[in-house]
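Descriptive analysis of the structure
Now for the letters of each chain:
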Amino acid sequence: MTDWTATRAAGEARMAAFVPRMGRRYANGRNTDEGPGQHKAVSQLSPYLRRRLVLESDVVAAALAAHGAEGAEKFVQEVVWRGYFKGWLERRPQVWASTRDGLERDLADLDKDRRLRRAVADAEAGQTGLPYMDAWAEELVETGYLHNHARMWFASIWIFTLGLPWRLGADFFLRHLVDGDPASNTLGWRWVAGLHTRGKPYQAQAWNIATFTNQRFTPREADLAGQIQGLEHQEPDGLPSLMPLRAVVPPKPGQPTALLITEEDCRVEDFDLAALDIRAAWTLEASHLRSAGPVGDPVVQFERAALADAAGRAGFAAQAMRAGVPPDLAAWAARAGVAQIVTPYVPQGPLRDWLEAATPALAARGITLTEWKRDWDSAIWPHATAGFFKVKERIPRILAEVLPPPAQGVLPGF
């Protein structure tokens, strides 16, 4: 098992330990999958960043301070990429909705098609007969983690060699990845399928797998798909139009307030809690919303521990809640006698869907759902309108907006 302790202190300790490797060593070694328990060239901070137990701005500032803009360039870009994917999905929420609805259709087809059901079950159980695929499936289920390069290979083989529906593969990942994020996961699978960067699907190649696993695996070319065709035909209308970023309703001081802590942001102490009349605090377990299927135990345990740590740091004896039927939220708020609920921004994904479904019951009781939004997101998301290059070329300006002056001193090198 990967040694993850789901606390802010553990995340910051992991960050500090990796700082010396955020420069050239990261750039040179990040593409190599050394196997379970051996992922030393990558930070494995993603479960902490995903829940903001560790902040992107802190990680970037540490990398720049230690290695300068040139040395830290690749590491910084990869951190910014996470924000780009989140912003891209915020600007095109229709893509999340179509993925969610398409998955429901795929699951219905699975129920009716015994051959497909067996093929998917074999792939998830590590019984395809392809040793590399089977090893990656086993590592994912047992540890809750896969190296990013392995994720790309796995998704490509799932789609183009095994011929399985991409949304079922994305669902498998989201159920088991401890760092599973609706935006990064959905758009990563779409990128492999040739739907994100249209017409450019990602092909898993035998030489590439052998090279970047240090010969742990040596696939035969004949076992992998040859010429591949992206899945653009599944979306003949192309990408949907850009939408404005969702407006945030901020909390109002002086109103009876309930604090809602979710795994979307476990650093509520960063916000001005003292300005609010907080009458109740809840942690909300919601990892089961990721899928209609069983969610991996590493995911559930990490979420539970992260929420408990977040509540403790915020200084509240928070009541542990579980996301059930959406109207429950209004009932909790009514019993607490509050006029508003405040939570850090919840982006597109299953929890956002749940909160939107809860909104009518809240409105009927005169209770407002309010949010805080971080500067990091506000700086990146407006530029996440097309490919990553548009964001990449703005990185110096983005970081100048969100980093403290000492870290800004190294930005001109980008």
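Up top is the structure these notes are about.
Rules used throughout
Residues numbered from 1 in each chain as written. Predicted model: local features only at pLDDT ≥ 70, side-chain atom pairs only at ≥ 80, totals over all residues. Heavy atoms only, no water. Phe/Tyr/Trp six-rings, centres within 6.5 Å; stacked < 30°, edge-to-face > 60°. Helix = DSSP H or I, 4+ residues; strand = E, 2+ residues; numbered from the N terminus. Buried < 20%, exposed > 50% of the residue type's maximum accessible area, 1.4 Å probe, protein only. Lys NZ or Arg CZ within 6 Å of the ring centre and 35° of its normal. Salt bridge = Lys/Arg side-chain N within 4 Å of Asp/Glu carboxyl O. Contact = heavy atoms within 4.5 Å. Expected span 1.5 Å × (residues − 1). Pairing = 2+ DSSP bridges. Axes fitted to C-alpha atoms, helices over the stretch in contact; angles between N-to-C directions. Lys, Arg positive; Asp, Glu negative; His and termini not counted. Bend = angle between axes of the 7 residues up to and from the residue.

Per the counting criterion, the structure on display carries 24 aromatic pairs. Ring plane angle 35 degrees and centroid distance 6.2 Å describe the contact between Phe-18 and Phe-75, whose orientation is recorded as tilted. Of the two residues, Phe-18 sits in helix H1 (residues 8-18) while Phe-75 sits in helix H4 (residues 56-91), which places them 57 residues apart along the sequence. You'll find Phe-18 and Phe-75 in the same group, each marked buried. Ring pairing ties together the aromatic residues Phe-154, Trp-158, Phe-172, Phe-173 and Trp-189, which thus form one cluster. Seen from the ring of Tyr-145, Arg-151 lies directly overhead, with NZ or CZ sitting 5.4 Å from the centre. Note that Lys-373 overlies the ring of Tyr-345, its terminal NZ or CZ placed 5.5 Å from the centroid.

This model, assessed by the stated rule, comprises 37 salt bridges. For Arg-220, the salt bridge is made with Asp-223, and the minimal N-O distance between the two is 2.8 Å. For Glu-263, the salt bridge goes to Arg-290, with nearest N and O atoms at 3.7 Å. Highlighted residues: Glu-263 in the loop between strand S1 (256-261) and strand S2 (277-285) and Arg-290 in the loop between S2 and helix H12 (297-314), separated in sequence by 27 residues. If you follow the salt bridges from partner to partner, you end up with Arg-8, Glu-12, Asp-58, Asp-265, Arg-267, Glu-269, Asp-270, Asp-309, Arg-313 and Arg-374 in one network.

Turning to the environment of Thr-370, a few remarks are in order. Along the chain, Thr-370 falls in strand S5 (residues 368-372). When the C-alpha positions of Thr-370 and Leu-259 are compared, they lie 9.8 Å apart, and in sequence the two are 111 residues distant. Residues in contact with Thr-370, not counting those within four places in the same chain, are Val-249, Pro-250, Pro-251, Gln-340, Ile-341, Val-342 and Thr-343.

Turning next to unusual backbone geometry. In this model, Gln-44 sits at a positive phi of 55 degrees, which is unusual for a non-glycine residue. By secondary structure assignment, the location of Gln-44 is in the loop between helix H2 (24-29) and helix H3 (46-51). Residue classification places Gln-44 among the buried residues on the basis of a relative accessible area of 11%. Look at Asn-214: it is not a glycine, yet its phi comes out positive at around 50 degrees. In this fold, Asn-214 is placed in the loop between helix H11 (206-212) and S1. By relative accessible area, Asn-214 is classed as partly exposed at 46%.

Turning our eyes to something else, we now look at helix H8 (residues 148-161). Compared with the 20 Å implied by 1.5 Å per residue over 14 residues, the 19 Å span of H8 between its first and last C-alpha is a close match. Listing the buried residues of H8 in full gives His-149, Ala-150, Arg-151, Met-152, Trp-153, Phe-154, Ala-155, Ser-156, Ile-157, Trp-158, Ile-159 and Phe-160. As for H8, its buried residues are in contact with helix H6 (114-125), helix H7 (131-143), helix H9 (166-176), helix H10 (182-193) and H11. Directly beyond the C-terminal end of H8, a positive phi value near 70 degrees is found at Gly-163.

To continue, consider the environment of Gln-319. The topology assignment puts Gln-319 in strand S3 (residues 319-322). It is 6.3 Å that separates the C-alpha atoms of Gln-319 and Ala-281, two residues lying 38 residues apart in sequence. Beyond its immediate stretch of four places on either side in the chain, Gln-319 contacts Ala-281, Trp-282 and Thr-283.

For the rest of this paragraph, the subject is the sheet that holds S3. Across the sheet, 5 strands lie side by side as S3-S2-S1-S4-S5; this open sheet has parallel pairing. With partners counted over all chains shown, the strands left at the sheet margins are S3 and S5, one partner each. Shown here is a sheet whose adjacent strand axes are inclined to one another by a mean of 30 degrees, direction ignored. Bridge analysis of strand S4 (residues 340-344) against S5 gives 5 bridges, and the strand direction is parallel. For Thr-343, the partnering residue across the bridge sits in S5 and is Glu-371. Across the sheet, H12 is in contact with S1 and S2; its angle to S2 comes to roughly 165 degrees. Running at roughly 150 degrees to S2, helix H13 (residues 328-336) makes contact with S2, S3 and S4 of the sheet.

It is worth spelling out the side chain of Arg-91 at this point. As for its placement among the helices and strands, Arg-91 is situated in helix H4. Nearest to the buried, unbridged Arg-91 among oppositely charged side chains is Glu-90, at 8.8 Å. Ignoring any residue separated from it by four or fewer positions in sequence, one finds Arg-91 in contact with Ser-241, Leu-242, Met-243, Pro-244, Leu-245, Trp-381, Pro-382, Ala-384 and Thr-385.

Right, let's get into H4. Taking 1.5 Å as the rise per residue, H4 with 36 residues should run 52 Å; its terminal C-alpha atoms sit only 20 Å apart, a clear shortfall. At Gly-68, H4 shows its maximal bend, which comes to roughly 125 degrees. The buried count for H4 comes to 27 of 36 residues, which makes it a mostly enclosed element.

Just geometry here; none of it tells us what the structure is for.
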